[in-house]
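# Coordinate analysis (summary)
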Amino acid sequence: MTNVQVQADADVMVNGPEDEILEWRDIDWRAVEDEVRRLRQRIFTASRDGDLRRVRNLQKLMLRSRSNTLLSVRRVTEINAGRETAGVDGRTALLPQSKIKLADWAQYRAKTWKPLPVKRVHIPKAGGKKRPLGIPVIADRLLQARVVNALEPEWEARFEPKSYGFRPGRGCHDAISAIYLTLKGKNPQRMWVLDADLKAAFDRIDHDHLLAQIGTFPAKELVRHWLKAGVVDRGRLAPTEEGTPQGGVASPLLLNIALHGMEQAAGVRYRKLGTNAAESVEGSPALIRYADDLVALCHSYDEAEQVKAKLAEWLRPRGLAFNEDKTRIVHADSGFDFLGFNVRRYDGKLLIKPSPAALRRIRERLRTEMKALRGANVSAVLHKIDPIVRGWSAYYRTVVSSKAFTALDDYMWKLTYKWAKHGHQNKSRNWIVNRYFGQFNKSSRNQWVFGDRETGAHLRKFSWTKIVRHQMVPGTSSPDDPTLADYWAKRRRKGMPTPLDAFGLRLLTLQNGRCQLCLGLLLHADHQPQSPAEWEQWMVVIRRAVTKQHIVLVPGQGESDAVLRLVHTSCRRRRNADTSTGLASLRAREPSGLA
């Protein structure tokens, strides 16, 4: 960082000058999270009430908040998938002392910071093409995370009901559920579907229009500098006259702001069913959007054509247009793919399944990974393949996936047997089966589970994932709405698929989803994975981050006081480095019902 001085002279503080922090491990994360949540709720409430002056004052308070800074540092250095990827300056902040210095710099010295260009990287996507990402430097990622906590709750109070992409508490499954509720039944009104995709939306957003949208936001000039910072591709700097880099922390929010109003432009009208619930009125189309992917469900082909024309005109001043190669109008009986799912009515019955393209991709992925693992041991195979199986099945567990899961189990058996045969070409079939396959999972009663006989570790089957109907987020409900705190608490307690066993899940529930030592959230349920690949990464992260450990409480009862608790791996390492401090912290924070 050429112009970042991370050597802080001032004391490091949590919420104010009186609360000194000597080390990263001394931070009370529960207090930090509570402070940021309360500020977000106040911004949301003021925005919903239309009190713009109060919104701006609260946003300034959020941008100055030490808790916001600390939580943002944690997000970009511990939670985000790209935390180990450096920007153009080659810097990361993975060590505790680096995180403290970064937080101190952002709190006291970032006012004169000039954003640096993003680093262009290309990742593969379907069809052999590549998706360009822009990786900001760690300082810009941190500042963007702080800005998101100030700007997002204002817009959460304004966003339309059927917008589901990159929003807290919402995801792909909500969008699919909205489609299901619209098309289910024997005679649904809206049978014609405008299946649309925007062309390079992140790269083409008009800067002036976007900046006009955010109005008098206190950090507007910083947002402007991020948009204009440029991109370094293969060592060459290019200016950015349009778009927001896909890969930036603030980019998804900025895209949603740019696309706000799309439902109204399409002619969607709602009638209120309650404080936060609404449904499209009769005669109105329904539009479901996930980021730059959208479907408009219409009463006729002509109405779908009209909606497309209206939206094309609405998109033009925003610098956006439809990708005509991926935009079409179809009947629900013909079916369409959306977010990796196939939606189609069969003889009057609506079925949503994994799309054929998604099935081809997962088969190709499994085949490629197993071929690359030839020569590796069983443990390496389990370590690599198990998160893929868990992640893919978790993403598709809410739809009609049983047949797909069974077919993939059969395919996976063939791949594992072929892998074993390759490593033992002179051994018989019975020898291979006896060594690598058996009833490793006693509850499944399946003799053909692939695993390690020495450790008992085994590969999960797709079909072990139960089909569970997703409960869609109603209307405009947001985690930032203080009146819905109980609703979101109950929704989080229902949990998501995890690498934990039944006992681990029980501990997670008893501990209210929090680490026993730092009291920080073990799972960040408000920001759910949004694709099979993200679910896979989430499984890997949680498996690394959440570890079962014996922790002795030592109140005087001896061995009988040893219990199992779920803690972050980083907290476990810190506790082992200073056992007395860890035990004292544990005793002070022991929640009721766990001993």
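Residues numbered from 1 in each chain as written. Predicted model: local features only at pLDDT ≥ 70, side-chain atom pairs only at ≥ 80, totals over all residues. Heavy atoms only, no water.

### Some points on the overall build of the protein
A tally of regular secondary structure across the protein gives 21 helices and 17 strands. The 595 residues of the protein split such that 52% are buried. With an accessible surface of roughly 28,300 Å², the protein has 49% of that area assigned to carbon and sulfur atoms. (Helix = DSSP H or I, 4+ residues; strand = E, 2+ residues; numbered from the N terminus. Buried < 20%, exposed > 50% of the residue type's maximum accessible area, 1.4 Å probe, protein only. Areas by Shrake-Rupley, 256 points an atom, 1.4 Å probe, with all protein chains shown as cover.)

### A look at the pattern of salt bridges
The tally for this structure, following the rule as stated, stands at 21 salt bridges. The partner of E78 in a salt bridge is K99, with the nearest N and O atoms 2.8 Å apart. Residue E78 is located in helix α3 (residues 66–79), and its partner K99 is located in helix α4 (residues 96–108); the two are separated by 21 residues in the primary sequence. The partly exposed category is assigned to E78, whose relative accessible area is 24%. Several salt bridges converge on common partners, so that one network encompasses E33, R74, E78 and K99. (Salt bridge = Lys/Arg side-chain N within 4 Å of Asp/Glu carboxyl O.)

### Here we look at the sheet that holds strand β9 (residues 293–298)
Spatially, β8-β9-β3-β10 is the arrangement adopted by the four strands of the open sheet, whose pairing is antiparallel. With partners counted over all chains shown, the strands left at the sheet margins are β8 (286–290) and β10 (328–331), one partner each. Adjacent strand axes in the sheet meet at a mean angle of 20° when their direction is disregarded. As judged from the five bridges shared by β8 and β9, these two strands associate in the antiparallel manner. Bridge pairing links I288 to V295 in β9. (Pairing = 2+ DSSP bridges. Axes fitted to C-alpha atoms, helices over the stretch in contact; angles between N-to-C directions.)

### Things to note about the sheet that holds strand β4 (residues 231–233)
Working definition: the strands of a sheet are paired by backbone hydrogen bonds and lie parallel or antiparallel to each other. Taken in spatial order, the four strands line up as β2-β1-β4-β5 in an open sheet, and their pairing is mixed. Edge positions in the open sheet fall to β2 (130–135) and β5 (236–238), since each of these has one partner strand only. Across the sheet, the mean angle from the axis of one strand to that of its neighbour is 40°, orientation sign disregarded. In the sheet, strand β1 (residues 118–124) pairs with β4 via two bridges, with the strands oriented parallel. Each residue of the ladder has a partner; that of V118, found in β4, is V231.

### Some thoughts on the pairing of β1
Here β1 pairs with β2 via six bridges, running antiparallel. Looking across to β2, one finds that V121 is bridged to L133.

### Here's the deal with unusual backbone geometry
At R234, a residue that is not glycine, the phi angle is positive and equals roughly 55°. Along the chain, R234 turns up in the loop between β4 and β5. One non-glycine residue, R445, adopts positive backbone phi at about 55°. The residue R445 is located in the loop between β14 (437–438) and β15 (449–450) in this model.

### Focus: the packing of aromatic side chains
Throughout the structure, instances matching the rule amount to 20 aromatic pairs. Linked through ring pairs, W413, Y417, W419, Y436, F437, W448 and F450 together constitute an aromatic cluster. The ring centre of Y417 lies 5.5 Å from the NZ or CZ of R429, which sits over that ring. Here the guanidinium or amino end of R469 rests over the ring plane of Y180, the centre of that ring lying 4.8 Å away. (Phe/Tyr/Trp six-rings, centres within 6.5 Å; stacked < 30°, edge-to-face > 60°. Lys NZ or Arg CZ within 6 Å of the ring centre and 35° of its normal.)

### Observations concerning the layout of surface pockets
Here the second largest pocket is characterised by a volume of approximately 550 Å³. Lining the second largest pocket are 20 residues, with L63, A110, K111, R146 and L222 positioned closest to its centre. Across the lining of the second largest pocket, the residue classes break down as ten nonpolar, three polar and seven charged. (1 Å grid on protein atoms, 1.4 Å probe; cavity = no way out; pocket = protein on both sides within 12 Å on 5 of 7 lines; lining within 4 Å. Points joined across faces, edges and corners; volume = space filled by probe spheres on them. Nonpolar A, V, L, I, M, F, W, Y, C, P; charged D, E, K, R; others polar.)

### Section: the confidence of the model for the protein
Scored by pLDDT, the protein comes out at a mean of 85, with 81% of its residues at no less than 70. For the protein, per-element mean pLDDT is lowest for helix α21 (residues 579–589), which scores 44, and highest for helix α2 (residues 52–64), which scores 98. Note on residues 1–20: pLDDT is under 50 here. Beyond four places in sequence and across chains, it has 47 contacts. Below pLDDT 50 for its whole length, residues 580–595 participates in 26 contacts with residues either more than four positions away or in separate chains. (pLDDT = per-residue confidence, 0-100. Contact = heavy atoms within 4.5 Å.)

### Thoughts on the environment of R75
Within the fold, R75 resides in helix α3. Taking the C-alpha atoms as reference points, R75 and R146, 71 residues apart in sequence, are found 9.9 Å from one another. Setting aside its immediate chain neighbours within four residues, R75 contacts N80, A145, V148 and V249.

### Some details on helix α1 (residues 29–48)
With 20 residues, α1 extends 28 Å between its outermost C-alpha atoms, agreeing within 8% with the 28 Å of an ideal straight helix rising 1.5 Å per residue. Within two residues after α1, G50 carries a phi angle of roughly 80°, on the positive side. (Expected span 1.5 Å × (residues − 1).)

### A word on the packing of α1 against α2
α2 packs onto α1 with a crossing angle of 165° between their chain directions and a minimal axis gap of 8 Å. Between α1 and α2, the angle is such that the two are roughly antiparallel. Relative to α2, the crossing made by α1 is left-handed. Residue-level inspection shows V36, L39, R40, R42, I43, A46 and S47 of α1 in contact with α2, the latter providing R54, V55, L58, Q59, L61 and M62. (Parallel < 35°, antiparallel > 145°, perpendicular 65-115°, else oblique. Left-handed = near helix turned anticlockwise from the far one by under 90°.)

### Some thoughts on the environment of K310
Looking at the element boundaries, K310 is found in helix α12 (residues 301–315). A residue is classified by how much of its surface remains accessible, and K310, at 43% relative accessible area, is partly exposed. Along the backbone, K310 and G267 are 43 residues apart, and their C-alpha atoms lie at a distance of 8.6 Å. Residues in contact with K310, not counting those within four places in the same chain, are A265 and A266.

### Quick notes on helix α8 (residues 207–214)
All buried positions along α8 are accounted for by H207, H209, L210, L211 and I214. Close packing links the buried residues of α8 with α2, α5 (138–156), α9 (220–228) and α10 (251–258). The distance from a side-chain oxygen at the start of α8 to the backbone nitrogen of D208 is 3.3 Å, and the residue carrying that oxygen is D206. Once α8 ends, the next one or two residues include G215, with phi positive near 60°. (Polar contact = N/O pair within 3.5 Å; in protein donor to acceptor, adjacent residues only side chain to side chain.)

### A few points about the packing of α5 against α10
Two elements in contact, α5 and α10, have axes separated by 10 Å at closest approach and are oriented at 30°. Classed by the angle they form, the pair α5 and α10 counts as roughly parallel. The crossing of α5 and α10 is left-handed. Where α5 abuts α10, its residues Q144, V148, L151, E152 and W155 lie against S251, L253, L254 and I257. For the contact of α5 with α10, a count of residues per class yields six nonpolar, two polar and one charged.

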